[in-house]
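So you can see what is in the structure, the chains are spelled out below.
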Amino acid sequence: MAKTKELSKDTRNKIVDLHQAGKTESAIGKQLGLKKSTVGAIIRKWKTYKTTDNLPRSGAPRKISPRGVKMIPRTVSKNPRTTRGDLVNDLQRAGTKVTKPTISNTLRRQGLKSCSARCVPLLKPVHVQAHLKFAREHLDDPEEDWENVIWSDETKIELFGKNSTRRVWRTKNAELQPKNTIPTVKHGGGNIMLWGCFSAKGPGRLIRVKERMNGAMYCEILSENLLPSARALKMKRGWVFQHDNDPKHTARATKEWLRKKHFNVLEGPSQSPDLNPIDNLWRELKVRVARQQPQNITALEEICMEEWAKIPATVCENLVKTYRKRLTSVIANKGYITKY
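Residues numbered from 1 in each chain as written. Predicted model: local features only at pLDDT ≥ 70, side-chain atom pairs only at ≥ 80, totals over all residues. Heavy atoms only, no water.

The chain appears in an unreviewed UniProt entry as Transposase from Oncorhynchus mykiss.

Dropping the structure here:
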């Protein structure tokens, strides 16, 4: 049977008014063009509840028992990769037949939703412990100390790679029009490796690394770019140089060079991008470069240099200001990678 249209509140009130005026249900129905049964239902509702408004409706009974509702979030909490199909099968074995949308609705009511798993560096137990140890040791360091750090690292930027997510406004079936696509080629179409540094006062030097980097080349890069960056950024006396535990950073030649130069070094734990705010700056750079859509390696390098220089000092300052929050998050997450 087709669902009938619900009467407006004015019509329902009019039925009650005519009833109170002494008219019969048949007469009211003829006057308003309604069935007698409809008029009678409205009058009975008014007599029972003293209102013609819609009352709360119970809806269909839940298919999943309260015990089953508790089981579902408990299962996905133990194994977040559990699929809706797995849960449907579990409930079916327990004698409850449900659909995947029912599972989704149940999880949503528990505050859970399906999300893409984020890619993070693979952490071994030793990485987790080093991550946690670093956060605990530096949690109470004053903000002024972090403002006197030069943060550094390397990154790779691909010519036609997925350096950033781009969204477009388009009409239906227009997804393959050139203006609505991002060109890609196999293996990214080439890439460049960059070394850069920054402090709370702004970006330092950015250079392209054209050969495979080893300890000797790394020392050469630092020799030519670290002190000039420190001078340009007007770092205070006793400033600290930060790099992670990458093998070329901890090579004997590198350690000896840093010792001879009397640099204060802060070695961050390896596999810890969330503890080096320069990773956020790399992301900012890649988004800016992707907007320019460079078509060759030469243009890619030029645009990287131009966009790096344009990054506002306030962006750098904010990254350093919130560093204590990063440490707190690492501790709260028991040494595992946190959102950064």
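Still more ground to cover, so stick around.
**Some words on the nonpolar core**
Using the following cut-off: Put simply, a nonpolar core is a bunch of buried Ala, Val, Leu, Ile, Met, Phe, Trp, Tyr and Cys residues held in one set by side-chain atoms that sit within 4.5 Å of each other. Only protein chains enter the accessibility calculation, which uses a 1.4 Å probe. A residue is then buried if its area is under 20% of the maximum for its type, exposed if over 50%, and partly exposed in between. Only DSSP runs of H or I with at least four residues qualify as helices, and only runs of E with at least two residues qualify as strands; both kinds are numbered from the N terminus onward. Contacts are residue-level and defined by heavy atoms, with any inter-residue pair within 4.5 Å sufficient.
In this structure, Trp-146, Phe-198, Leu-281 and Leu-285 are the most contacted members of the largest nonpolar core, which totals 31 residues. Listing elements by their share of this core, those giving two or more residues are α7 (125-138), β1 (149-158), β2 (191-199), α11 (278-292), α12 (297-310), α13 (313-321) and α14 (323-332). Excluding residues that lie within four positions of it along the chain, Phe-198 makes contacts with Val-149, Ile-150, Trp-151, Pro-203, Gly-204, Leu-233, Pro-277, Ile-278, Leu-281, Cys-316, Leu-319 and Val-320. Grouped together as the second largest cluster of nonpolar side chains are 20 residues, Ile-207, Val-209, Met-217 and Cys-219 included.

**Let's talk about the sheet that holds β1**
Within a sheet, adjacent strands bond to each other through the backbone by hydrogen bonds, running parallel or antiparallel. Convention followed: Any two strands between which DSSP finds at least two bridges are classified as paired. Every angle, taken between N-to-C directions, lies between 0 and 180 degrees, and every axis is a line fitted to C-alpha atoms, over only the stretch in contact when it is a helix.
With respect to topology, five strands assemble into an open sheet ordered β3-β2-β1-β4-β5, the strand pairing being mixed. The open sheet is flanked by β3 (202-209) and β5 (264-268), the only strands paired with a single partner. The sheet shows a mean angle of 25° between the axes of neighbouring strands, direction not considered. In terms of strand pairing, β1 meets strand β4 (residues 240-244) through three bridges, oriented parallel. Along β4, the bridge assignment pairs Trp-151 with Gln-242. Together, β1, β2 and β3 form the strand contacts of α11, whose direction differs from that of β1 by roughly 40°.

**Overview of the packing of α11 against α12**
Just so we agree on the cut-off: Working definition: roughly parallel below 35 degrees, roughly antiparallel above 145 degrees, roughly perpendicular at 65 to 115 degrees, and oblique for all remaining angles. We call a crossing left-handed when the near helix sits turned anticlockwise from the far one by less than a right angle, and right-handed when that turn is clockwise. All amino acids are sorted into three groups, where Ala, Val, Leu, Ile, Met, Phe, Trp, Tyr, Cys and Pro are nonpolar, Asp, Glu, Lys and Arg are charged, and the leftover types, Gly among them, are polar.
Two elements in contact, α11 and α12, have axes whose closest approach is 9 Å; the angle formed by their N-to-C orientations is 125°. Regarding the angle of α11 to α12, the classification is oblique. By crossing handedness, the relation of α11 to α12 is classed as right-handed. Here Leu-281, Trp-282, Leu-285, Arg-288, Val-289 and Gln-292 of α11 lie close against α12, whose contacting residues are Leu-300, Ile-303, Cys-304, Glu-307, Trp-308 and Lys-310. Counted by class, the contact of α11 with α12 contains eight nonpolar, one polar and three charged residues.

**Considering the pattern of salt bridges**
We count it as follows: Throughout this description, the term salt bridge denotes a Lys or Arg side-chain nitrogen within 4 Å of a carboxyl oxygen of Asp or Glu.
Tallied over the full model, the rule gives 11 salt bridges. Among the ionic pairs, Arg-259 bridges to Glu-256, the shortest N-O distance being 2.5 Å. Of the two residues, Arg-259 and Glu-256 both sit in helix α10 (residues 252-260), three residues apart, roughly one turn of that helix. Residue classification places Arg-259 among the exposed residues on the basis of a relative accessible area of 53%. In this structure, the salt-bridge partner of Glu-307 is Lys-310, at a minimum N-O distance of 3.6 Å. With Glu-307 and Lys-310 both in helix α12 and three residues apart, the pair spans about one turn of that helix. With a relative accessible area of 5%, Glu-307 lands in the buried category.

**A word on the UniProt feature "domain: Transposase Tc1-like" (unreviewed entry) in the chain**
Condition: UniProt positions are given in the numbering used here, feature names are shortened, and annotations may be inferred rather than shown by experiment.
In this structure's numbering, the residues bearing the UniProt feature "domain: Transposase Tc1-like" (unreviewed entry) are residues 71-140. Secondary structure content for residues 71-140 is 60% helix and 0% strand, and the end C-alpha separation is 41 Å.

**Quick word on the side chain of Arg-288**
Selection criterion: Identification of polar contacts relies on pairs of N or O atoms within 3.5 Å, with a donor-acceptor requirement for protein atoms, meaning one able to donate a hydrogen and the other able to accept it, and with residues adjacent in sequence counted only if both atoms are side-chain atoms.
Mapping Arg-288 onto the fold places it in helix α11. Here the side chain of Arg-288 touches Glu-307 through a polar contact of 3.5 Å, side chain to side chain.

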